[in-house]
Every structure is written in C-alpha cells, then in structure tokens.
Amino acid sequence: MSNVRFLYTHKFDTATIYSSSEVAGLPDDNAVQEFVAKKWRTTGKGTVEIPEWIKFYVGSTAKKITMLAIFGHNLTSGAIVKLQAYSSDEWTVPPAYESAALTWNAQALVLFLDQTYTWWRITIADPNNTDGYIEIGRICAGEYYEPGMNIIETVTMSLIDPSIVTESDGGQGYSIEKTKYRMYSVQFGDINTAQQEEIETMFRAVGTTKPLIFALDPGAYPEAQTIYGKFKGGSLDRALKTLAYGDCGLVIEEKVT
Amino acid sequence: MTFIPTNSGEYHLIAQIYLTGLTLYYADSNLSMSDGHYYDGRMSASALSRAFSSFTEPTQRQSTITITLRDEDLTIRQLLDTYVWGNRRVKLYIGKGRNLSDYKLEFNGLIKYPDGIDFDLEKVNIQLRDSRNSDWVILPANKFWKTDYPHLEDAAEGQPIPIAYGAFSYLPMPVRCIDTTLNEFKIADHAIVDILQVYLNGDPVNNTNENLTLATFRISAYDPASDVVTVSFLGKLTGYTSFTDPISVLYDLLDYENVLSENIDFETLDELAIEFKDLRCRRYINEEISSNTLIEDLAIECGFDVFIIDGRYTARSRCPQLITDLDIDEMSILTDSFKVETDPESLYANKINCYYSYSPQIRDYLLMGQENNIYEQGRLGQIIPRTINFKWLYQKSDVYIVAQRLLMLYSREINVIQITALGDAILLDLADHVGITFGHYFRRPMMIREVTKNFDVMSCTIYGYDMIKHMLPGYWTDDDAPSYEDATPEQRAIMGYWTNDIGEAKPGDPDSVKSCWW
C-alpha cells in the first residue's frame, strides 16, 4: 500500500487554457474553477481520430506535473482519455509525452506521472456518450505531497447522503435527493516534527477554504479512493508527545457540487 | 416546461435575474443546466406566499418571496454597484435534475424598489414582488388640455377624459365641450357604439357631426357659462355578447395596463366568459382610479378571483364545485398539520343590502335592495347584515342573483381548512380545488385561498374554504334523483331536498339537516 498523497498546488489553475470546443455558458475556464458542478461542456463528444481536447500553457518555464485528476465528468466507461505534453504548441507531431488511456471511474480519473513541460493537453474521445457532449467539472494537476510516514490503519470512510426526507401522516416518505459525498477521517500516529510541519504547511496553504485532492491508496485504488475536497473543521490539531513526536488527525470532506 | 413531482427527486429552485445587459443564473446548488448555463449555487429562498385578500375581496394579495444570495466573495455586492437591480425582472423555476424542460415557472416578478435589497458581510437579501404590482395604471389615462383642444371650454381644462363601459341608455352622462366655436362635445376617450340622445339642460336636442370613433358630436347652440349638456349613449362595448360582460371588461382593463397577451391566460378566461356572459356591466369612469381597484370591484361583484399564476393573469369562478384539481390524503398530508377553523374572517351574514345603479352625477346609488334569510335570522335570533355596493352591475336581476348567492354563501359559518402537504401539493396554486380525504373528510373539496410553498422541504401549506358544508347549499335536483335515504354522501352534499321546518331531509335524523330556505 502506497502512502497517502495530497495534491494542493494546482498548476493548471493559473495556466492559459484552450479547448477544441465549448458551450457559451459553460466555457473551458470552468475546468479549473473550484466548483465541480461548474462544468466545461464541449459541443461534440470526440472520436479517436478527432478527439475533443483541452490544453494548458503553464508559462514559459516548464512545470513538473506528478498527478492529474479529473472530477465531475459525464464520460462513459468506453471513453479514451489521455494526457499529452510538449515543449511547444505543436500537436500535429507525436507529443513528447503521451500517457496510456486513463482508467475510467465514475467519480474520478487519476494519473500519476513525472514529467516537466510547458504545454499540456488532455484528449478525450467518447463516441458512445449519449449526452452528445463531454462535460468535465474539475481538472487538477500538480505535484503531490506524500508524507514519509503513512496514516495509521484506523481510517474511516463515510458515505454521506444529505437528502432531506419528510414523512406524511401515513408514513409515506418524500425526499429531496442530494448528491452523496464521501468523508475520510485519517490519523497520522507518532510522526516526527518534520512531517508535522509538512502537514502544517499544507494546512496553512489550503486551510478549510481551498480545495485539495486526497488519494487514500494511490497504488491499489488510485481512482476509487481519490477525492476532491476540503479539510473539515476549523483547526489542525496535533497531540504532541515526548521527543517532539505527535499524532495528527485530518478530516477531508469530498466536494461534489 | 413541465414539472412532475415524484416521491423522491433531486429538486432545485433556480433563478434567472435579468439585469440590463447581464443575465445572472443562480440556484440552490451548483448546477450546469441543459440550457448551457451554469447556475451558481449561492441562492436560498424564503417560503413563497400567495393569498387572496379575503372572500369578500377576491383579488390576489401581493405575492412575496425573498431570495438570499451568499456573498462572502463580494461578487453580488460588486454587481449591485455596477448594475441597476431595482425593478428588474426575476424568474424563479422549480423542478428537478438538470433539464430545464423538467422545470416550472413558479414566480415571475420584479425586484422591489425602493427598499428591496439589504446585505451584510455574508449575504445579500433581495425581495421580489409579483408583476401585478407594477402593472396597475391610473384611469382615465388622458385629460382635456387646451394644448390638445384649443377651444376647450374652461371648466374642462385638466379634467379626465372619461372611459365609459356599457349602455347608458337611461342614465344620461355629462359631456365636455372641446370646441366652443363649433359646439363640439366629446363623450369618452375611446370609440363608442352609438349616441342615442343629446340633452341640453335636460331637454332633448338634435345633434350633428357624430363621430363614433372619436366619440364626438355637435349641437347648434351652447353657452358654457350656463348650459349643461348630457347624452345617453352606448359606450365601449367590447363585449363577448351584445352587451358588456365582465370578462370583456377584464380583458379591456388588462389592455389598459399594457399586459402582454403572452401574460394572459386566454383559455381559462374565455371559459369563464361563457359562465358570466349573462351579467351586464356598466361603469362611467370620470375620476382617476387605480385599474387594480376597478378589477377588484368587478371580481367582487361578479364572483370570480383574479390572480397571477406562472406569470400570467387568470381568473376562476368562486362558484362552489365538487370537481377537484388534486386529491390528497394521509399519504401526503404532513403529521399535525390538519386544522379547521370556523369562520375566522367573520364572514357570516343573514341579510344582504345591495346598493346599485351608481350615478357619477350625484355620486350616489340610485337603487337599493335587500335579501333576507329569514330562517337563519330566526334561528340565530339576530340579523347580521352585509352591504355590497355594486359599481359595475346595474340591472336589478343581476344584482339580486348575486345577492342571493352571497346570502347562501354567508348564511352558514364558513369552515376554513388548513393542511400542509407534500409531493404533488407543491403544484397547487390559488383558487385550485383540492379534495381532502383525512380524518372524517372523504374527498372533501376545498378552494384554496392562501398557499405557502416551502421549497426547502418541498411542502405546501394551503388554507381554503370547505366547499360542501358551507358553500354548497344544493343544486337543482332532477325528479328522478335518488331520495335522501338512497343518495350517496356526495349526492347528499350537492343535491337539494325537501325538508321539515328545522331543515331535516330525513325527519328525526339530525345528520340530515340541510339549509332550509323556503
């Protein structure tokens, strides 16, 4: 089991973005907007020969990307999604880097890599998509942080249904369905000062207001157990023990809308 | 757009705010909708309340709803500084999912101005009001001015140019001289049907140069200082029939309010026009008055409700009916929400006084009549009168029909039923008829007088009048109709029966007591 990974430096968020197509009210900028429900919607669904694409120019200085994650999509399991990279905006020739097709998952598509480029492009072909278009809520890319000491085994994953249920006098239930989301409660046990400070640095960067990605088991379940969310609770609490070792708990709440 | 509630669904309330040059899209949750717009999930909304003023004032009270937009990021406050928000249109839709075709226009209103917006550090509250509040106009709209009529008689300067609905055959109205050099007079600010007779100081005189389009005529001699000219005429006959019926008047008043035809429910109003086609209306409007007041008077006298649903003006007869728009029972009625009050508005009356045939000249009613429920007066030991002033209806037969109807309605205490219902009930609106099966009621029809929708839990609290026990005294009953003993409960509710002196259709059975009229 790999150690957990956090991604909170979103390098595509400040990139210049281009796309093959977009609906006027749902432009490609939405792909890096905080809310997953704020979609980038294409006009077509792409084919293997002519895929839909979205590309990011991260600036004249190449940037290292070690993790890519896509959330809030309408892709079918037959969709072919690849990440490409190049040192210039030249996509007619084989790119300098091209990933294998990302593994489909209803919640997330995740890729771990180690590449440094100025131009990045995601190609999408989903010819059997019955919506007739491709929709993506959030694309995150950057360098993940992996603590040296992994979390302890007592992980709690809660699947929360915030739906509102009201019952009539006859016992009939009427519900307003809400989107279900996950919440992970994890604990680092007896970690040294350096790791405590790394976690504090991360918490200072995002607090409880900015989004991050949490991958519980990036080796075995990179897609199924990776969530886009925020730290829950107003504080980072550490129980300090002797020799500067301590325990630290984190709660990450998935943001699906 | 169609919204079909189910027991469970992903329901949302979404808003479109039409600022000049910018349309904003908000919802109660972040949504990328089928129309290609992102609806920012920063909105919540208060309950939406709609109500008629009362049974005796059957026009819609101003509907109110406040939307709250979260604004920690200052987005809304910056927009408040950049754009004009006051009096700008807001449409609220309720529905489920992402497809706009699964949504229903629930409220089509304007941002209240002034005093319609307040905010703090976290949120902006925006009060909405229904369109009706901005549609009303002052009538008559035009006045006599010497800039328009250079030879206008002095006394007419600044006076409203009258609007005249209906036939003034036997009630001559005063007219203004718009050209003292030609002795030309103008009757109304619109085309009329006919000029019947002109009177100079009460004596019939001949007239010339009739122009029915301009509603003008001339006479041979006139002294503005001493003469009074009156005329009997047929006014603005816009009628469905050969005379002016109430729905035709309603259409015409909405036209004065410049209500777009797309905002009028013609289908329903045309059906209602057939029901009211025999009522004759007349009104001479020579003093400024709100069009809302004119419509309200019309609705009270003729017995229908005027209201706005889905942003469209519509009307519904207040005649009690057993036909229901929706039946609800314990499967959708919320626990502890059922409540019945007895005549909370104190509408009871056993005598109706009617004043009618209003004369603008003497500013009073020419005729008076009354209807008594002698049985009820005796039973109660007290005469409780209600007075109705008829400003539109002027014929004795029409007035007495209305008076008898009102007497029947008011001669028993009106039960008011209140419930909160779930599911389909969210679709209910004012004047809808709901069949209640709950407690000892079985498909009991009630007419909704007030509705409050809580979108947070998709519930609808309705407040309405029990239409059987207190409002439905009985229709004419055919000879071959079943007797009281053989009739079903529903037949017993709607049919009339011969009773003994204390109202028992089945003598000795107190449960068979009906209203005893004659």
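Sequence order as written defines the numbering, with residues in each chain counted from 1. Chain labels run from A onward and ligand labels from 1 onward, assigned in the order the entries are written. Given that this is a predicted model, residues contribute local features only at a pLDDT of at least 70 and side-chain atom pairs are listed and counted only at 80 or more, while totals for whole chains, interfaces and linings are drawn from all residues.

> Sorry if this is basic, but what is going on with the interface of chain A and chain B here?
By a widely used convention, the size of an interface equals the accessible area lost when the partners come together. Our contact criterion uses C-beta atoms placed from the backbone: two residues qualify when those atoms are within 7 Å. Taken together, the contact pairs 23 residues of chain A with 24 residues of chain B. A run of DSSP states H or I qualifies as a helix once it reaches four residues; a run of E qualifies as a strand once it reaches two. Both are numbered from the N-terminal end. Of all the elements in the fold, those that place two or more residues in the side of chain A that touches chain B are strand E13 (164-167) and strand E14 (173-176) of chain A. Take the side of chain A that touches chain B: its biggest share by element is four residues, from E14(A). Gly counts as polar in this scheme, as do all residues outside two lists: the nonpolar Ala, Val, Leu, Ile, Met, Phe, Trp, Tyr, Cys and Pro, and the charged Asp, Glu, Lys and Arg. When its residues are assigned to classes, the side of chain A that touches chain B shows eight nonpolar, nine polar and six charged.

> Explain the environment of A:Thr179 to me, please; I cannot follow it from the model alone.
Of note, A:Thr179 is situated in the loop between E14 and strand E15 (181-191). Between the alpha carbons of A:Thr179 and A:Thr257 there is a distance of 7.8 Å; along the sequence they are 78 residues apart.

> What's the story with the nonpolar core in this structure? I'm lost.
It is characteristic of soluble globular proteins that their nonpolar side chains tend to be buried jointly. To form a nonpolar core, buried Ala, Val, Leu, Ile, Met, Phe, Trp, Tyr and Cys residues must be joined through C-beta atoms within 7 Å. Exposure classes come from backbone-placed C-beta atoms, where a residue is buried if 20 or more other C-beta atoms lie within 10 Å of its own, exposed if 12 or fewer do, and partly exposed in between. Formed by 191 residues in total, the largest nonpolar core has its most connected members in A:Ala69 and A:Phe214. Broken down by element, the residue count for this core peaks at seven residues, all from helix H7 (residues 396-410) of chain B. Among all residues touching A:Ala69, those that are not within four sequence positions of it are A:Leu7, A:Ala108, A:Val110, A:Cys140, A:Ile213, A:Thr226 and A:Tyr228.

> Please clarify how the sheet that holds E14(A) should be interpreted in this entry.
Adjacent strands of a sheet form backbone hydrogen bonds with each other and so pair up, either parallel or antiparallel. Only strands joined by at least two bridges in the DSSP assignment are considered to pair. Strands sit in the order E13(A)-E14(A)-E1(B) across an open sheet of three strands; the sheet is mixed. Only two strands of the sheet have a single neighbouring strand rather than two, namely E13 of chain A together with strand E1 (8-9) of chain B. Of the strand pairs in this sheet, E14(A) and E1(B) are connected by two bridges, and their pairing is parallel. Residue A:Ser175 lies in a different strand from E1(B), and its bridge partner there is B:Ser8.

> I would appreciate a short explanation of the domain arrangement of chain B in the present structure.
Residues and elements named next belong to chain B. Under the domain assignment used here, chain B contains domain 1 (11-135), domain 2 (141-234), domain 3 (246-317), domain 4 (326-466) and domain 5 (474-518). Summarising the inter-unit geometry, the C-alpha centres of domain 3 and domain 4 are found 20 Å apart. In this complex, domain 3 contributes 16 residues to the contact, which on the side of domain 4 involves 13 residues. Mapped onto the side of domain 3 that touches domain 4, the elements with two or more residues apiece are strand E24 (283-285), helix H5 (291-302) and strand E26 (304-309). Where each domain begins and ends is defined by an automated method or by a domain database.

> I'm lost on the packing of helix H3 (residues 246-256) of chain B against H5(B) in this one. Help?
Packed helices, taken two at a time, are described by the angle between their axes plus the distance between the axes. Residue and element names in this part refer to chain B. A fitted line through C-alpha atoms serves as each axis, taken over the contacting stretch for helices, and the angle formed by two N-to-C directions is quoted from 0 to 180°. As a packed pair, H3 and H5 sit with axes 10 Å apart at the nearest point and diverge in direction by 165 degrees. In terms of orientation, H3 and H5 fall into the roughly antiparallel class. The way H3 lies across H5 gives a crossing that is left-handed. Facing Pro246, Val249, Leu250, Leu253 and Tyr256 of H3, the residues of H5 in contact are Ser291, Leu294, Ile295, Leu298 and Cys302. Throughout, the term roughly parallel applies to angles under 35 degrees, roughly antiparallel to angles over 145, roughly perpendicular to angles from 65 to 115, and oblique to all others. Two helices crossing with the near one rotated counterclockwise from the far one by less than a right angle form a left-handed crossing, whereas a clockwise rotation gives a right-handed crossing.

> Would you mind showing me how to read helix H4 (residues 266-275) of chain B here?
Counting along an α-helix, one turn takes 3.6 residues, and residues three or four places apart therefore face a common direction. All names here are of chain B. For H4, the full list of buried residues reads Leu269, Leu272 and Ala273. Projection of H4 onto a plane perpendicular to its axis shows the buried side chains occupying an angular sector of 110 degrees, all on one side. Exposed residues pointing more than 90 degrees away from the buried face of H4 are listed as Glu267, Asp270 and Ile274. On its buried face, H4 is in contact with H3, E26 and strand E27 (312-317). An arc is given here, and it is the one of the directions from the helix axis to the C-beta atoms.

> Please clarify how unusual backbone geometry should be interpreted in this entry.
Leave glycine aside and you will find that most residues have negative phi; peptide bonds, for their part, are mostly trans. All names here are of chain B. For the peptide bond that leads from Tyr113 to Pro114, omega is -5 degrees, which places it in the cis range. Summarising the element assignment, Pro114 is placed in the loop between strand E11 (103-111) and strand E12 (117-119). At the junction of Leu139 and Pro140, the peptide bond is cis and its omega measures out at -5 degrees in the coordinates. Note that Pro140 resides in the loop between strand E14 (138-139) and strand E15 (163-165). A positive phi angle is found at Asn87, which is not glycine, with a value near 65 degrees. In this structure, Asn87 sits in the loop between helix H1 (75-82) and strand E10 (89-96). A tally of 13 C-beta atoms within 10 Å means that Asn87 is categorised as partly exposed. In this model, Asn258 sits at a positive phi of 60 degrees, which is unusual for a non-glycine residue. Here Asn258 shows up in the loop between H3 and H4.

> So what exactly am I meant to see when it comes to the environment of B:Phe307 here?
All names here are of chain B. Within the secondary structure layout, Phe307 lies in strand E26. The class for Phe307 is buried, based on 25 C-beta atoms found within 10 Å. Between the C-alpha atom of Phe307 and that of Arg50, which follows or precedes it by 257 residues, the distance is 9.4 Å.

> Got a minute to help me understand the domain arrangement of chain A in this structure?
All names here are of chain A. Domains assigned within chain A are domain 1 (8-142) and domain 2 (156-254). Listed as interface residues are 13 residues of domain 1 and, on the opposing side, 13 residues of domain 2. Those elements that provide at least two residues to the side of domain 1 that touches domain 2 are strand E5 (63-71), strand E8 (108-117) and strand E11 (138-142). Within the side of domain 1 that touches domain 2, the residues separate by chemical class into nine nonpolar, two polar and two charged.

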